[in-house]
Amino acid sequence: LLEPMGHIVIYRLDSMMVGILLAIVNLKFPQMWQRLKSFCLVGALGLLAYYFWILQDWSEISQFHSRLALNFYFPGMDLACAMLIPYFSGVYRSGKLPAVARTSIISLSKWAYSLYLSHMLVQLVLISLAEKNHFEVKYILIPLGVPLSFLISRFTFNRFEKPIMDLRDRIAFLKDVI
């Protein structure tokens, strides 16, 4: 299972480009960003529903028997998640979120890169374990994969990424002083 995943690096590059394109649209065309947020929300929910409920045969994706599923699964999930951003950024900017939600969003944004790096590994390990133990992947991927991905990313942010960024800031400060 893990060997073919090395060939999908291009999909991870697609993820980054989707984020860059969203940032450009948000900065250069803010009115369009606001107008399209409801459309994007409906489109994202439709794509997510397709991937989670209509596309029931996870073994076809995980075994890579279907090139169509392989070629559209990862970029489609990236697109679905990206389409949620205009809606949630509007909700965040409106100030109507409770303080707990705002704090959670800020915390999540700090360790989002760690989440990006860890989620695929968690997903692959769970798919592999499910197939070896004859479990339905769809029943363990979200209930276990999402919390595990968040826990691992928070741990790696707090133990690795944050200390390195703090060290970088201290070195930059010392450089300015000297």
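Everything that follows concerns the structure shown earlier in this document.
Remember, predicted model here, so these are calculated numbers, not experimental data. (Residues numbered from 1 in each chain as written. Predicted model: local features only at pLDDT ≥ 70, side-chain atom pairs only at ≥ 80, totals over all residues. Heavy atoms only, no water.)

Considerations on the overall build of the protein
Note the cut-off: Each helix is a run of DSSP H or I of at least 4 residues and each strand a run of E of at least 2, with the numbering of both proceeding from the N terminus. Note on areas: these come from Shrake-Rupley sampling with a 1.4 Å probe, and a residue is covered only by the protein chains present in the view.
Tallying secondary structure elements over the protein gives nine helices and zero strands in all. Surface summary for the protein: the accessible area is close to 12200 Å², and the carbon and sulfur share equals 71%.

Quick notes on the nonpolar core
Counted only if it meets this: Within this scheme, the nonpolar core is defined by two criteria: the residues are buried Ala, Val, Leu, Ile, Met, Phe, Trp, Tyr or Cys, and they are joined through side-chain atoms within 4.5 Å. When accessible area is computed with a 1.4 Å probe and restricted to protein chains, residues below 20% of their type maximum are described as buried, those above 50% as exposed, and intermediate ones as partly exposed.
Membership of the largest hydrophobic core comes to 13 residues, with the highest contact counts inside it found for Leu48, Tyr73, Met77 and Leu84. For this core, the elements supplying multiple residues, two or more each, are helix H4 (37-54), helix H6 (67-94) and helix H8 (112-132). Membership of the second largest hydrophobic core comes to seven residues, among which are Ala130, Val137, Ile140 and Leu141.

Overview of a nonpolar patch on the surface
The condition that has to hold: Each patch is built from residues lacking any salt bridge and having more than 30% relative accessible area; the joining distance is 9 Å for like charges and 5 Å for nonpolar side chains (Val, Leu, Ile, Met, Phe, Trp, Tyr). Salt bridge, as applied in this entry: a Lys or Arg side-chain nitrogen positioned within 4 Å of an Asp or Glu carboxyl oxygen.
Together, Met17, Ile20, Leu21 and Ile24 give the surface a local cluster of nonpolar side chains, amounting to about 360 Å² of exposed area. Checked against the element boundaries, leucine 21 lands in helix H2 (residues 9-28).

Concerning the pattern of salt bridges
Inspection of every chain in the model, using the stated rule, returns two salt bridges. The shortest N-O distance in the salt bridge between aspartate 166 and lysine 162 comes to 3.1 Å. In this pair, aspartate 166 and lysine 162 both sit in helix H9 (residues 137-177), four residues apart, roughly one turn of the helix. Since its relative accessible area comes to 28%, aspartate 166 is described here as partly exposed. For lysine 162, a relative accessible area of 35% puts it in the partly exposed group. Measuring nitrogen to oxygen at the nearest pair gives 3.1 Å for the salt bridge that ties arginine 168 to aspartate 169.

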